[in-house]
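What the coordinates show
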Amino acid sequence: MARFRTSTSNDNTYLQFVTSYRNEKGQPATRVLASLGNITKMSENQIERLTASFIRATGMEKRFGKVDFEAGKGYHYGSILPVIALWHQLGLEQIIDCAVSEKVEIAVSRIALIQTANRFSEPGSKLACFRWYYRSLFCQMKNFVNFPEDEDEQLHTYYRALDYLCKAKENIEKQLYYRLLGYGLDNSLILYDITSTYFEGEQAEIGEKGFSRDKRGDLDQIVVGLVMSRDGIPIAHHVFEGNRLDKTTVQEVVEDLKERFGIEKAIIVGDRGMITIKNIEMIEGHEYEYILGLQKRNRKVIDHLLGKVVKNPDEPLQEFGYSDLSPVLQKKYPKEIRFIAGYNKEVAKKTRRKRDRNIALFLKLIGEAKLEGDLKTVKKSNDRLKLFLSKKHITRLYNLSMEKIEEKDGVYRLEVQEMTVVIEEEESLDGRYFIQTEVSEQMDKAEIEKSYKSLQKVEQAFRIVKDEFDVRPIFVRKETRIRGHVMISYFSLLIETLMEKKVKEIFPEAYDKYDKAVKKIRRTGEEPLTMMTLFEELDDVRLIPLEFKSENGKATKTSYISTKIDNSVKKVLSSLGVRNAMNPEKLSFQKTKSKSDKDQLVLDLGVDYLN
């Protein structure tokens, strides 16, 4: 390969035109083709003119001509790649297109893809997503979405897509479920839990005030139910009015599993608040089994079981059956009933420390409060103390009452009574949890507990939806758009879950051997790749357009490059079927390990979305 180089001799610098070759021994060597002279005293411009004149004389301007280009602004790129890859693998474009009416003129599936990818980068309102589109990879792809020219109409297209997603939800989830079975989805254990999320503002069509898990009972909210498989893959989601109680949603969800998904046999795992006699009868009526958490307070069976649990107070797992119940309780339960009592010593210590700290703070407040005086003063103290008890969730531990002092005109006293018996009951429940089930003896108590603790996957998913991908801010008002908005979050959760499974396969040390991973960081300074670090690194990767110019300064063509992608991130992208991520103009997505054309999605930047 011919090139220019400099060589130094006797404090002089010479410019040479050389070529590389291999000598007789097969070793790399350099041959001087031409010496262009002593350039020691030449300026940079003189050297440049000498080199240019030599190139012109040899007729090799095209090969060695000066390249003039300008780098454009960076576009969101890295965080979008895994979303497109999994969207393609799941066949979501085809599923959505088939579920949406042929009369629909907008590209619902591609707009849904934009909104889903946006939640991995900058989750926000639909207006924010609309603006983000023009800072993302998507806007650089010709014919990806044919938006209207008017900006208001463009924005409205995002909202209309939510309407159509809502209407097609049932069919989309059903087809996705069958596709997920190909991923090895285990439907023998069905996890179900609900959460709530509130609205900014008012006038949401489906919003109602209810029990708020976000401590915002003053705002309208919706209740979101999530159905997941044993391994944490979301199967379906449900959106309920904000005042729906947990137990009233179970029948609707179980019937949906049977009718829409055709799941004949399964164990339904649910958390506290879902147990009612009617729900259990309904679950068993569908030939399902159940594992449900029990409310620790205000249940006669818990009080009865505690009397047996305390005989072995430090035992982490105890099982009781029908024969362990009192004659009165036996009338309420079938002979197949099983109760699992779990105990976590560390949680018990933490709970007690927290309660003791809150009690100490409350006693301090009492000491500072004016407990006797006129009605206004005493009521102010009463309200302040009650608010503290409510915020710290220790209302049961104290009873507050205002009384008028007969012998003193217009004087009131605030009585604060410590509920000693209740405090003792709370202490006996520290670190304990109870499970009710009728599964056969083939599933031992450890497996039952493990199945129940799988609900933590749902809790984690809710944190992802509400925090990392952020269901809020919910600014939409129409019911169909609220439901469509939650469905976008559902897509995000599904993709994040499949991504995490892949990362765990590639980097198990970061998850299953965390202590060793920490030692590795201390020893080498290298941080193992986790979902958090993966998203951080992906979000740093940008698509950079390079605009090449001719000698007169006019643009001739645009090429694309990517900012650097670390090797660990490359491994994840490659495992997801992303090909040539560092070379965007050859970027493609492999659907399976097969290399057939039908399994490949090619994104030709500046040309067409599908090749």
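Residues numbered from 1 in each chain as written. Predicted model: local features only at pLDDT ≥ 70, side-chain atom pairs only at ≥ 80, totals over all residues. Heavy atoms only, no water.

**Digging into the overall build of the chain**
- The secondary structure content of the chain amounts to 21 helices and 21 strands.
- Buried residues in the chain amount to 47% of all 611 residues.
- Counting contacts in the chain only where the partners sit at least 6 residues apart, residues at least 24 apart contribute 63% of the total.
- Here the chain displays about 32700 Å² of accessible surface, and carbon together with sulfur accounts for 47% of that area. (Helix = DSSP H or I, 4+ residues; strand = E, 2+ residues; numbered from the N terminus. Buried < 20%, exposed > 50% of the residue type's maximum accessible area, 1.4 Å probe, protein only. Contact = heavy atoms within 4.5 Å. Areas by Shrake-Rupley, 256 points an atom, 1.4 Å probe, with all protein chains shown as cover.)

**Notes on unusual backbone geometry**
- Despite not being glycine, N10 shows a phi value in the positive range, around 50°.
- When you line up the elements, N10 lands in the loop between strand 1 (2-9) and strand 2 (12-22).
- A positive phi angle, close to 65°, is found at D11, a residue other than glycine.
- For D11, the position within the fold is in the loop between strand 1 and strand 2.
- Overall, the relative accessible area of 70% leaves D11 in the exposed class.

**Quick notes on the pattern of salt bridges**
- Going through the model one piece at a time under the given rule, you end up with 25 salt bridges.
- For E425, the salt bridge is made with R396, and the minimal N-O distance between the two is 3.8 Å. Pair noted here: E425 is in helix 14 (residues 420-429) and R396 is in the loop between helix 13 (375-391) and strand 14 (398-404), with a separation of 29 residues, a long-range link. (Salt bridge = Lys/Arg side-chain N within 4 Å of Asp/Glu carboxyl O.)

**With respect to the sheet that holds strand 14**
- Strand order in the open sheet formed by three strands is 13-15-14, and the pairing between neighbours is antiparallel. The two strands at the open ends of the sheet, each matched to only one other strand, are strand 13 (372-373) and strand 14.
- The sheet contact formed by strand 14 and strand 15 (residues 412-418) spans seven bridges and is antiparallel. Counted as the bridge partner of E403 is R413 from strand 15. (Pairing = 2+ DSSP bridges.)

**Some remarks on helix 6 (residues 126-133)**
- Among all positions of helix 6, only K126, C129, F130, W132 and Y133 are buried. Down the axis of helix 6, the smallest arc covering the buried residues is 165°, so these residues share one side.
- Its buried side turned inward, helix 6 meets strand 5 (75-76), helix 5 (108-121), helix 7 (151-181) and helix 17 (479-506). (Arc of directions from axis to C-beta.)

**Quick notes on the packing of aromatic side chains**
- Counted by the stated rule, this structure contains 15 aromatic pairs.
- Between the aromatic rings of F130 and Y134, the centroid separation amounts to 5.8 Å while the plane-to-plane angle is 90°, which identifies the pairing as edge-to-face.
- Classification of F130 as buried rests on a relative accessible area of 8%.
- Its relative accessible area of 36% is what places Y134 among the partly exposed residues.
- Taken together, a centroid distance of 4.6 Å and an interplanar angle of 45° make the contact between F362 and Y398 tilted. Remark: Y398 occurs in strand 14 and F362 occurs in helix 12 (residues 345-368); sequence separation between them is 36 residues. Accessibility assignment for this pair places F362 and Y398 in one class, buried.
- Here a set of aromatic residues connected by ring pairs shows up, and it is made of F130, Y133, Y134, F147 and Y158.
- One residue, R31, lies across the ring of Y21, its end atom 4.0 Å from the ring centre.
- Positioned over the ring face of Y343 is R432, at 4.2 Å from the centre of the ring. (Phe/Tyr/Trp six-rings, centres within 6.5 Å; stacked < 30°, edge-to-face > 60°. Lys NZ or Arg CZ within 6 Å of the ring centre and 35° of its normal.)

**Here's the deal with the sheet that holds strand 2**
- If you trace the three strands from one edge of the open sheet to the other, you get 1-2-3, paired in antiparallel fashion. Every interior strand has two partners, whereas the edge strands, strand 1 and strand 3 (28-38), have only one. Taking each pair of neighbouring strands and ignoring which way they run, the sheet shows an average axis angle of 40°.
- Bridge count between strand 2 and strand 3: nine bridges; the pairing is antiparallel. What sits directly across from Y21, in strand 3, is A29.
- The sheet strands contacting helix 1 (residues 44-58) are strand 1, strand 2 and strand 3, and the helix crosses strand 2 at an angle near 40°. (Axes fitted to C-alpha atoms, helices over the stretch in contact; angles between N-to-C directions.)

**Regarding the pairing of strand 10 (residues 289-293)**
- Along strand 10, four of the five residues are buried, which leaves the element largely enclosed by surrounding structure.
- In this view, the connection linking strand 9 (residues 267-270) to its parallel neighbour strand 10 by way of helix 9 (residues 277-285) has right-handed handedness.
- By the bridge criterion, three bridges tie strand 10 to strand 16 (residues 432-437) in an arrangement that is antiparallel. Along strand 16, the bridge assignment pairs L292 with Q436. (Right-handed = clockwise from strand over helix to strand, strands pointing away.)

**Some remarks on the confidence of the model for the chain**
- The share of residues in the chain with pLDDT of 70 or more is 84%, and the mean pLDDT across the chain is 83.
- Taken together, the stretch residues 513-519 has pLDDT below 50 and engages in six contacts with residues farther than four places along the chain or on a different chain.
- A low-confidence stretch, residues 606-611 stays under pLDDT 50, and its non-local contacts, those more than four residues away or across chains, total 25 contacts. (pLDDT = per-residue confidence, 0-100.)

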